[in-house]
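Report on the structure
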Amino acid sequence: MRSLSLASGVFCAALALPSFVTAQETPGYFDGVISTLTQNGYREVRLVDAGTRRIVAFDAYGSEVSLTIHPRNGSIESWDYVNLRDR
């Protein structure tokens, strides 16, 4: 598994792919990203859009966050809260 540069915070989760995304369409590095998030405290990680490399998950505080993943190395390019009240 590649080492990943992740945004600050604790990350964790389990993958739940939408039914329209097949394993053949999903880049392999998402598995490593999801595994790293899971090991670091995020939960309910799900790939929302493989084309834009967007993952949504709940952090250790219960806030839902949206993460954009770098296409080459699997690092987190950007993240933001899904709900404004979580900021």
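Residues numbered from 1 in each chain as written. Predicted model: local features only at pLDDT ≥ 70, side-chain atom pairs only at ≥ 80, totals over all residues. Heavy atoms only, no water.

Considering the pairing of strand 3 (residues 64–69)
Which entries qualify depends on this criterion: Note on exposure labels: buried denotes an accessible area under 20% of the residue type's maximum, exposed denotes more than 50%, and partly exposed covers the range between, all computed with a 1.4 Å probe on protein chains only. Under the DSSP-based scheme used, a helix requires at least four consecutive residues in state H or I and a strand at least two consecutive residues in state E, with every element numbered from the N terminus. Paired strands, in this sense, are two strands between which DSSP finds at least two bridges.
For strand 3, the buried fraction is high: six of the six residues fall into the buried class. Every second residue of strand 3 is oriented toward a common face, with Glu-64, Ser-66 and Thr-68 on one face and Val-65, Leu-67 and Ile-69 on the other, all of them buried. Hairpin connection of strand 2 (residues 54–58) to strand 3: five residues between the antiparallel strands, including Gly-62 at a positive phi of 90°. Pairing of strand 3 with strand 4 (residues 76–81), which is carried by five bridges, proceeds in the antiparallel orientation. Looking at the pairing, Ile-69 lines up with Ile-76 of strand 4. Counting the residues between successive antiparallel strands, the hairpin from strand 3 to strand 4 contains six residues, one of them, Gly-74, with a positive phi of roughly 75°.

Topic: the sheet that holds strand 3
The line we're drawing: A fitted line through C-alpha atoms serves as each axis, taken over the contacting stretch for helices, and the angle formed by two N-to-C directions is quoted from 0 to 180°.
Strand order in the open sheet formed by four strands is 1-2-3-4, with antiparallel pairing between adjacent strands. The open sheet has two free edges, formed respectively by strand 1 (43–49) and strand 4, since each of these has just one partner strand. Strand after strand, the sheet turns through a mean of 25° between neighbouring axes, direction not considered. Sheet topology note: the strand 1/strand 2 ladder contains four bridges and is antiparallel. Bridge pairing in strand 2 links Asp-49 to Arg-54.

Some words on the side chain of Ser-63
Filter applied, for reference: In this description, contact between two residues means that some pair of their heavy atoms is separated by no more than 4.5 Å.
With respect to the helices, strands and loops of the structure, Ser-63 is situated in the loop between strand 2 and strand 3. Contacts of Ser-63, omitting those with residues within four sequence positions, involve Ala-57, Phe-58, Tyr-81 and Asp-86.

Here's the deal with the confidence of the model for the chain
Convention followed: Per-residue confidence from the predictor is reported as pLDDT, a score between 0 and 100.
Mean pLDDT for the chain: 74, with 69% of residues reaching 70 or above. A low-confidence stretch, residues 1–24 stays under pLDDT 50, and its non-local contacts, those more than four residues away or across chains, total 71 contacts.

A look at the packing of aromatic side chains
Operational definition: Only Phe, Tyr and Trp rings take part, Trp by its six-membered ring, and two of them pair if their centres are within 6.5 Å. Stacked means planes under 30 degrees apart, edge-to-face means over 60, and tilted covers everything else.
Under the defined criterion, the tally for this structure stands at one aromatic pair. A centroid spacing of 5.2 Å and a plane angle of 80° characterise the contact between Trp-79 and Tyr-81, whose relative ring orientation is edge-to-face. Residue Trp-79 is classed as partly exposed on the basis of its relative accessible area of 36%. Looking at Tyr-81, the relative accessible area reads 23%, which means it is partly exposed.

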